[in-house]
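In case you want the letters, here they are:
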Amino acid sequence: MTAIGILGSAGKMGQAIAATVPDLGGTVAGGIDASGDGAALAALAERADVLVDFSTPSALAANLAAARTAGTPILIGTTGLTAAHRALVAEAAADIAVLQTGNVSLGVTLLAKLVREAAERLGSDWDIEIVEMHHRHKVDAPSGTAQLLAEAASKGRGVALSEAQVSDRAGLTGARCDGTIGMASLRGGSVAGDHMVVFAGEGERIEIGHRAENRAIFARGAVTAALWLADKPAGSYTMAEVLGV
């Protein structure tokens, strides 16, 4: 059976993944918290067939280095990554199989495909707005999933997200600029994750959304992807490839 090493094992996602692994036919090789020492990290990377990282952005560099040294594939579900973090991920993909995603839900993966297709087919005269809501303890905004959906929309439109994204509306901002992709973040309660993509045209509106009712769906998605990734050669992979869409 495939042995999965969990990075960030003390967190809620890490615990949910550990509980889910046996149900999907894998075994847990072990886990370390985000603050685990280098020796423990290296040892885990050596004995695992694949690593799953839901720790913190500050731990990513060390986690990637350990995975590269051991030649172990790694799935990265940590959110709040910067451009510098993404560059490290791209470098690692030259040596090992890497799957980095803002959301491991299989439903969200399909949603992103639908968003991209809708953005491509509807054209630039339809405005795109993304609204997401998470629990009060989430520390980053917009969510990694909202970013993933915005990237899908921008690819459908054939534009760079860095040029189209608007996520800081406040005050007298003026009329909406054509071609922009708006993003709004809500925080409160115990919401596991709600995402809605709105395509607003003249006289009509299309809304495509996803609601996560608990963390179990993310754990199942993460384990499914990790099992799929375990025997892949070096390279960069996506959740869409896991689903075959």
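Refer to the structure printed above.
Residues numbered from 1 in each chain as written. Predicted model: local features only at pLDDT ≥ 70, side-chain atom pairs only at ≥ 80, totals over all residues. Heavy atoms only, no water.

### A look at the packing of aromatic side chains
Reasoning step 1: Using the criterion set out here, one finds one aromatic pair in the structure.
Reasoning step 2: Taking the centre distance of 5.6 Å and the plane angle of 80° together, the rings of W228 and Y237 count as edge-to-face.
Reasoning step 3: Assessed through its relative accessible area of 13%, Y237 is described here as buried.
Reasoning step 4: When the ring centre of W228 is taken as origin, the NZ or CZ atom of K232, which lies over that ring, is 4.2 Å away. (Phe/Tyr/Trp six-rings, centres within 6.5 Å; stacked < 30°, edge-to-face > 60°. Buried < 20%, exposed > 50% of the residue type's maximum accessible area, 1.4 Å probe, protein only. Lys NZ or Arg CZ within 6 Å of the ring centre and 35° of its normal.)

### A look at the pattern of salt bridges
A pair can form between side chains of opposite charge whenever their charged atoms are brought close.
Reasoning step 1: In this structure the tally under the stated criterion is ten salt bridges.
Reasoning step 2: Put simply, D95 and R68 hold a salt bridge, and the shortest N to O gap is 2.6 Å. Here D95, found in the loop between α4 (83-92) and β5 (97-100), pairs with R68, found in helix α3 (residues 60-70); they are 27 residues apart in sequence, far enough to count as distant.
Reasoning step 3: Residue classification places D95 among the partly exposed positions, given a relative accessible area of 46%.
Reasoning step 4: Taking relative accessible area as the criterion, R68 reaches 32% and is therefore assigned partly exposed.
Reasoning step 5: The salt bridge involving R187 is made with E132; its shortest N-O contact spans 2.7 Å. One end of the pair, R187, is in strand β8 (residues 181-187); the other, E132, is in strand β6 (residues 127-134), and 55 residues separate them in sequence.
Reasoning step 6: Note on R187: relative accessible area 29%, which makes it partly exposed.
Reasoning step 7: Overlapping salt bridges bring together D127, E129, R169 and R176 as one network. (Salt bridge = Lys/Arg side-chain N within 4 Å of Asp/Glu carboxyl O. Helix = DSSP H or I, 4+ residues; strand = E, 2+ residues; numbered from the N terminus.)

### A closer look at the sheet that holds strand β2 (residues 27-32)
Reasoning step 1: If you trace the six strands from one edge of the open sheet to the other, you get β2-β1-β3-β4-β5-β11, paired in parallel fashion. Pairing within the sheet leaves two strands with one partner each, and these edge strands are β2 and β11 (235-237). On average, adjacent strands in this sheet sit at an angle of 20° to one another, irrespective of strand direction.
Reasoning step 2: Of the pairings in the sheet, the one linking strand β4 (residues 74-76) to β5 comprises three bridges and is parallel in character. Bridging from a neighbouring strand, L75 pairs with L99 of β5.
Reasoning step 3: On the sheet, α3 packs against β1 (3-7), β3 (50-53) and β4 and is oriented at approximately 160° with respect to β4. (Pairing = 2+ DSSP bridges. Axes fitted to C-alpha atoms, helices over the stretch in contact; angles between N-to-C directions. Contact = heavy atoms within 4.5 Å.)

### Focus: the pairing of β5
Reasoning step 1: In terms of handedness, the path from β4 via α4 over to β5 forms a crossover that is right-handed.
Reasoning step 2: Direction of pairing for β5 relative to β11: parallel, over a ladder of three bridges. Bridging across to β11, V98 finds its partner in S236. (Right-handed = clockwise from strand over helix to strand, strands pointing away.)

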